[in-house]
Amino acid sequence: MPDLDALRRRLVAFADARDWGPYHTPKNLASALSVEAAELVEVFQWLTPEESAGVMEDAESAHRVADEVADVLAYLLQFCEVLGIDPLRALAEKIERNERRFPVRPGGRLRD
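Naming follows an unreviewed UniProt entry, where the protein chain appears as Nucleotide pyrophosphohydrolase of Wenjunlia vitaminophila.

Another point: the pattern of salt bridges. Summed over all chains, the structure comprises 4 salt bridges. A salt bridge links Asp 5 to Arg 8; the shortest N-O distance between them is 2.7 Å. Placement of the pair is Asp 5 and Arg 8 together in helix α1 (residues 4–17), with a separation of 3 residues, close to one helical turn. Overall, Asp 5 belongs to the partly exposed group, its relative accessible area being 36%. Assessed through its relative accessible area of 22%, Arg 8 is described here as partly exposed. Because the salt bridges share partners, they merge into one network encompassing Asp 5, Arg 8, Arg 9 and Glu 81.

Bringing the packing of aromatic side chains into the picture now. Taken as a whole, this structure holds 1 aromatic pair when the rule is applied. Between Phe 14 and Trp 20, the aromatic rings sit 5.4 Å apart at their centres with planes inclined by 75°, giving edge-to-face as the arrangement. Judged by relative accessible area, Phe 14 falls into the partly exposed class, the value being 38%. When the ring centre of Phe 14 is taken as reference, the NZ or CZ atom of Arg 18 above it lies at 3.5 Å.

With 25 residues, helix α4 (residues 59–83) ought to run about 36 Å at 1.5 Å a step, and its terminal C-alpha atoms sit 36 Å apart, in line with that. Of the residues making up α4, those classed as buried are Ser 61, Ala 62, Val 65, Glu 68, Val 72, Ala 74, Leu 77, Gln 78 and Cys 80. Packed against the buried residues of α4 are α1, α2 (26–44) and α5 (87–101). Among the residues trailing α4, Gly 84 stands out with phi positive, at a value near 70°.

Turning our eyes to something else, we now look at unusual backbone geometry. Not every positive phi belongs to a glycine, and Asp 19 is a case in point at roughly 55°. Within the secondary structure, Asp 19 is located in the loop between α1 and α2. Accessibility expressed as a relative area gives 58% for Asp 19, which makes it exposed.

Turning our attention to the packing of α2 against α4. Interhelical geometry of α2 versus α4 gives an angle of 160° and a closest axis separation of 9 Å. As judged from the angle between their axes, α2 and α4 are roughly antiparallel. Seen along the crossing, α2 lies across α4 with a hand that is left-handed. Taking contact as the criterion, the partners of Pro 26, Leu 29, Ala 30, Ala 32, Leu 33, Glu 36, Ala 37, Glu 39, Leu 40, Glu 42, Val 43 and Phe 44 in α2 are, on α4, Arg 64, Val 65, Glu 68, Val 69, Asp 71, Val 72, Tyr 75, Leu 76, Gln 78, Phe 79, Val 82 and Leu 83. Looking at the contact of α2 with α4 residue by residue, the classes come out as 17 nonpolar, 1 polar and 6 charged.

A separate point is a nonpolar patch on the surface. Together, Phe 14, Trp 20 and Tyr 23 make up a nonpolar patch on the protein surface, roughly 340 Å² of accessible area in all. By the secondary structure assignment, Phe 14 is in helix α1.

Parameters and conventions
Sequence order as written defines the numbering, with residues in each chain counted from 1. Selection of residues for local features in this predicted model requires a pLDDT of at least 70, selection of side-chain atom pairs for listing and counting requires 80 or more, and totals for whole chains, interfaces and linings are taken over all residues. Hydrogens and water molecules were not included; the side-chain quantities draw on all heavy atoms of the structure. Any Lys or Arg side-chain nitrogen found within 4 Å of a carboxyl oxygen on Asp or Glu counts as a salt bridge. Put simply, DSSP H or I for four residues or longer makes a helix, DSSP E for two residues or longer makes a strand, and each gets a number counted from the N terminus. The buried label applies to any residue whose accessible area, calculated with a 1.4 Å probe on protein chains only, is under 20% of its type's maximum; exposed applies above 50%, and partly exposed to all values in between. Here the aromatic set is Phe, Tyr and Trp, taking the six-membered ring for Trp, and pairing holds for ring centres within 6.5 Å; pairs whose planes are under 30 degrees apart are stacked, those over 60 apart are edge-to-face, and all others are tilted. Counting as a charge over the ring demands two things of the Lys NZ or Arg CZ atom: a distance within 6 Å of the ring centre and an angle within 35 degrees of the ring normal. For a helix, the expected span equals 1.5 Å multiplied by the number of residues minus one. Here a residue-residue contact requires only that any non-hydrogen atoms of the pair lie within 4.5 Å. Whenever a helix is involved, its axis is fitted only over the stretch in contact; in every case the axis is a line through C-alpha atoms, and angles between N-to-C directions fall within 0 to 180 degrees. Working definition: roughly parallel below 35 degrees, roughly antiparallel above 145 degrees, roughly perpendicular at 65 to 115 degrees, and oblique for all remaining angles. Handedness of a crossing follows from how the near helix is turned relative to the far one, being left-handed for an anticlockwise turn of less than a right angle and right-handed for a clockwise one. Residues are grouped as follows: Ala, Val, Leu, Ile, Met, Phe, Trp, Tyr, Cys and Pro are nonpolar; Asp, Glu, Lys and Arg are charged; every other residue, Gly included, is polar. Two distance rules govern patches: like charges are joined within 9 Å, and nonpolar side chains (Val, Leu, Ile, Met, Phe, Trp, Tyr) within 5 Å, applied only to residues with over 30% relative accessible area and no salt bridge. Computed with the Shrake-Rupley method and a 1.4 Å probe, the accessible areas treat only the protein chains shown as cover for residues.

Shown next, in the form of structure tokens:
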């Protein structure tokens, strides 16, 4: 399996080969990311909670979900590339902040 950095490099090369750099502004990439996230939401829009939990059991919907996840991740990686954000570092730092912000009480429950 390719790693995140290898996929990021492929996305950069793909966009560079097509001269898409001028279009890959932070604003445009954030907008595209939002659109793709909305397309992922659309898959689940009218499903019950039970139906949504089983969405991957149907080959057609599973393929659609996987494609939309790929689109969201691709635009997120391109967005991070343009702004110089290390997405794994950003996530690790956010998890650390959330662990401090939401400490666990004894018994596994969140503190009030």
